[in-house]
Amino acid sequence: HWCVQDRSAQTIAPLLDPKPGERVLDACAAPGGKSTHLAELMGDQGQVLALDRGEARLRRVARNSERLGLGCIETRHGDAVELASEAPELLGQFDALLIDAPCSGLGTLARHADARWRIDPAAIEGLVTLQRQLLEGLLPLLKPAGRLVYATCTVHPEENGELLEAFLKDHPQLRLEQSFQLWPGQLDGGGDGFFAARIVRT
Ligand SMILES: C[S@@+](CC[C@H](N)C(=O)[O-])C[C@H]1O[C@@H](n2cnc3c(N)ncnc32)[C@H](O)[C@@H]1O
């Protein structure tokens with residue numbers, strides 16, 4: 001009947017503020033913590049298109065959605081960077097877009113202690129490139145007045161504020177409405193480190 005989500009992660013779907021009947025794209029969706037949260041905030045009315053490039057991970061989105069009795073989540077396997085060119089019928093179709101980006105995960109070291117040995121400066125560079133490609137590739141799928149939330153579970157400035165600053169500079173039609181960096185343990189003494197930004201198209 002319910003889904004466990006880290007308390008910082010719980011702030012992300014409400015930031016996108018999805019409404020019943022809207023069409024929402026969750027571009028990096030698996031295993032579905034935020035897709036299911038979005039669908040619940042929408043009263044299961046409308047559509048959440050849950051995309052992920054990990055096929056096995058995507059099956060967990062479908063399983064979680066079914067277990068929670070949600071009917072408005074549709075899963076799609078694919079690379080979000082390529083979605084606009086592979087499915088041109090989706091261009092300009094979404095009221096809201098969530099990019100819960102692949103990241104260094106440095107805000108989750110309390111739960112994934114080994115990440116500190118897996119991440120080095122070269123890994124950050126590769127991730128920033130992918131994160132920028134996701135933002136650029138997915139932007140054309142938004143409706144003219146659509147809104148976008150970019151989120152990561154890291155505290156690394158290059159993957160968060162610095163990346164967005166460069167992205168916004170190249171897209172003057174976008175406006176940053178709100179952004180925040182949660183540090184590990186910041187919410188009532190718990191929670192992962194999370195970054196989120198809400199952007200609107202003017
Ligand atoms: C932070 S996790 C998403 C967590 C998920 N939003 C949740 O709340 O349960 C990032 C996801 O991005 C996916 N991913 C990475 N690169 C991708 C790409 N180019 N296109 C689509 N999905 C991608 C990964 O497979 C992974 O499942």
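Now for a look at the structure at hand. Not measured: the values here are computed from a predicted model. (Residues numbered from 1 in each chain as written. Predicted model: local features only at pLDDT ≥ 70, side-chain atom pairs only at ≥ 80, totals over all residues. Heavy atoms only, no water.)

## A closer look at the state of the cysteines
For step 1, the next point in the chain: Under the criterion given, the structure shown has 0 disulfides.
For step 2, the next point in the chain: Looking at C3, it has no disulfide partner, and the nearest cysteine sulfur is the one in C72, 14 Å off. (Disulfide = S-S within 2.5 Å.)

## Examining helix α3 (residues 55-67)
For step 1, the next point in the chain: Its 13 residues give α3 an end-to-end C-alpha distance of 19 Å, which sits within 8% of 18 Å, the value for a rise of 1.5 Å per residue.
For step 2, the next point in the chain: Elements in contact with the buried residues of α3: α2 (33-41), β2 (47-52) and β3 (73-77).
For step 3, the next point in the chain: Directly beyond the C-terminal end of α3, a positive phi value near 70 degrees is found at G69. (Helix = DSSP H or I, 4+ residues; strand = E, 2+ residues; numbered from the N terminus. Expected span 1.5 Å × (residues − 1). Contact = heavy atoms within 4.5 Å.)

## Points about the pattern of salt bridges
For step 1, the next point in the chain: Throughout the structure, instances matching the rule amount to 10 salt bridges.
For step 2, the next point in the chain: In this structure, E22 and R147 form a salt bridge, with 2.6 Å as the shortest nitrogen-oxygen distance. Placement of the pair is E22 in the loop between α1 (12-16) and β1 (23-26) and R147 in strand β5 (residues 142-152), with a sequence separation of 125 residues.
For step 3, the next point in the chain: Its relative accessible area of 14% is what places E22 among the buried residues.
For step 4, the next point in the chain: Here R132 ties to E136 by a salt bridge, and the two come within 2.9 Å at their closest N and O atoms. Of the two residues, R132 and E136 are both situated in helix α6 (residues 121-138); the distance of 4 residues between them amounts to about one turn of the helix.
For step 5, the next point in the chain: Salt bridges sharing common partners tie together R132, E136 and D170. (Salt bridge = Lys/Arg side-chain N within 4 Å of Asp/Glu carboxyl O. Buried < 20%, exposed > 50% of the residue type's maximum accessible area, 1.4 Å probe, protein only.)

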